[in-house]
Amino acid sequence: MKIGCPKEIKPQEFRVGLTPNAAQEAIAHGHEVIVQAGAGVGAGFEDADYTAAGATIIDTAEEIFASADMIVKVKEPQASERKMLREGQLLFTYLHLAPDPDQTHDLLASGCTAIAYETVTDRNGGLPLLAPMSEVAGRLAPQVGAWTLQKANGGRGVLMGGVPGVGPAKVMVIGGGVVGTHAARIAAGMGADVTVLDRSLPRMRYLDDIYGGTFKTTYASAGNTIELARQADMIIGAVLIPGAAAPKLISRAQLSELKPGAALVDVAIDQGGCFETSKATTHQDPVYDVDGIMHYCVANMPGAVARTSTIALGNATMPFMLALADKGWKQACADDPHLKAGLNVHAGKLTYAAVGEALGIDSITADQAIAG
Ligand SMILES: NC(=O)C1=CN([C@@H]2O[C@H](COP(=O)(O)OP(=O)(O)OC[C@H]3O[C@@H](n4cnc5c(N)ncnc54)[C@H](O)[C@@H]3O)[C@@H](O)[C@H]2O)C=CC1
Ligand SMILES: CC(=O)C(=O)O
Ligand SMILES: [Mg+2]
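A quick note: this is a predicted structure, and the numbers were derived from the prediction, not measured.

A. Just the nonpolar core, in detail. In this structure, Ile115 and Met321 are the most contacted members of the largest nonpolar core, which totals 77 residues. If one sorts the elements of this core by residue count, helix α10 (residues 306-335) sits on top with 12 residues. Among residues more than four places away in sequence, those in contact with Met321 are Ile3, Leu18, Ala22, Ala26, Met70, Val72 and Phe92. Counting residues in each nonpolar core, the second largest holds 24 residues, with Ala232, Ala268, Ile269 and Val290 among its members.

Right, here's the structure in full:
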């Protein structure tokens, strides 16, 4: 199979879909790898690293999209990339379709087959291709939130750890999965007073067992959510219902009940965000103010630490990328129900029910797509 890796074009996105190590493994499996010139530079990989691995450097994205059987990326294809996708071509990347009707319609119109990193599953009920980036975004969230809390950046002027005689910041994390757990650990490590809210009792039991002395847990009822939000200096949004649009947990009307200058860090923004007033921002202009509450809503947070993120993502995607290349998507998905869970689009049809429900579009099952 010919595997193509274009340079990412989303603003301030420095990650790359294939590391030189991944390219080398694919080539050892008998595949051809083409990489766009400069694609890895933002993550610290030179073109020469790819050629040393056996890949071919190609000048333009157009040439890569025109000839590759499988496109491996990081971010959802941007509008200009979507125009280059074609029938029969396989796309392996993050998609986040539920909050993104334009992208969904373009992918359906292209006729391509698209496997979304964020809905691939594992045998423990986890999301192995989302997890590494959730670890990164979770660990970044208190760091960017602390910056947002600084007075000159529009925040309350509160120091995470306080100082002797002055109490620490109160940090509330909604959603205690991968993002939430990593965010809570780092915020607690910075000295903040941290509470994690979730709706899963088994998950809160686990968090309490492991991190009981480090942060607190509270059931995420609507009443508890607003009560804690009123006291919070920072609120980190980290909920997920896989594939679906994020539930809105703090409304615009409720912003007036929060502390002026509080920082909302909505990591769940790539699924539409869990605060009513969230809208996606970029690393260039990450924070905006609604009613005196500072919102940080960058949808590709891991791009800020592109080298760590690229290597972490590559470690996770490589076995799936090799299975797709070795067997083709149909056989690879038929053999592995967890990879099959990643199938979102095939030949003009949606193949992921939660996306169809969010967007009001009919879907077929992945099994029907494989059989068809
Ligand atoms: N902005 C960015 O750059 C990035 C965003 N993300 C996003 O962060 C979000 C969280 O991802 P993960 O932590 O990996 O997911 P996860 O599945 O590990 O955790 C989600 C948690 O939310 C909880 N939850 C669901 N509904 C809830 C509700 N109504 N109230 C409270 N808790 C609720 C679940 O029980 C679960 O524990 C996802 O939308 C993911 O796409 C992940 C990485 C980077
Ligand atoms: C998860 C995701 O969308 C990202 O890493 O950008
Ligand atoms: Mg994202």
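That shown, we press on.
B. Expanded view of the coordination of the magnesium ion (ligand 3). Distances from the magnesium ion (ligand 3) to its protein donors, Lys75 (NZ) and Ala299 (O), fall within 2.2 to 2.6 Å. Taken together, the positions of Lys75 in the loop between β4 (70-72) and α4 (79-82) and Ala299 in the loop between β13 (293-296) and α10 put the pair 224 residues apart, joining distant regions of the chain. For the residue pair Lys75 and Ala299, the accessibility class agrees, reading buried in each case.

C. Fine view of the sheet that holds β4. Reading across from one edge, β3-β2-β1-β4-β5-β6-β14-β15 is the order of the eight strands in this open sheet, with mixed pairing throughout. If you trace the sheet from one side to the other, it starts and ends with β3 (56-58) and β15 (349-350), each paired once. Pairing between strand β1 (residues 2-5) and strand β2 (residues 32-36): four bridges, direction parallel. Looking at the pairing, Cys5 lines up with Val35 of β2.

D. Representation of the pattern of salt bridges. Counted by the stated rule, this structure contains 15 salt bridges. Taking the shortest distance from any N to any O, the salt bridge between Lys170 and Asp193 comes out at 3.3 Å. Here Lys170, found in strand β7 (residues 170-174), pairs with Asp193, found in strand β8 (residues 193-198); they are 23 residues apart in sequence, far enough to count as distant. Overall, the relative accessible area of 33% leaves Lys170 in the partly exposed class. Given a relative accessible area of 22%, Asp193 falls into the partly exposed group.

E. Structural context of the site of ligand 1. Within the structure, ligand 1 sits among 28 residues, and Ser134, Val179, Asp198, Asp270 and Met301 are positioned closest to it. Leu240 places a polar main-chain atom, nitrogen or oxygen, 3.3 Å from an oxygen atom of ligand 1. Val267 is positioned such that a nitrogen or oxygen atom in its backbone is 3.0 Å from a nitrogen atom of ligand 1. Here ligand 1, which alone exposes 870 Å², has 88% of that area covered by the protein. Looking at the shell around ligand 1, the elements that each hand over two or more residues are α6 (131-149) and α7 (178-189).

Rules used throughout
- Residues numbered from 1 in each chain as written.
- Chains lettered and ligands numbered in written order.
- Predicted model: local features only at pLDDT ≥ 70, side-chain atom pairs only at ≥ 80, totals over all residues.
- Heavy atoms only, no water.
- Core = buried A, V, L, I, M, F, W, Y, C linked by side-chain atoms within 4.5 Å.
- Buried < 20%, exposed > 50% of the residue type's maximum accessible area, 1.4 Å probe, protein only.
- Helix = DSSP H or I, 4+ residues; strand = E, 2+ residues; numbered from the N terminus.
- Contact = heavy atoms within 4.5 Å.
- Donors = N, O, S within 2.8 Å, 3.2 Å for Na, K, Ca; no water.
- Pairing = 2+ DSSP bridges.
- Salt bridge = Lys/Arg side-chain N within 4 Å of Asp/Glu carboxyl O.
- Near = heavy atom within 4 Å.
- Polar contact = N/O pair within 3.5 Å; in protein donor to acceptor, adjacent residues only side chain to side chain.
- Areas by Shrake-Rupley, 256 points an atom, 1.4 Å probe, with all protein chains shown as cover.

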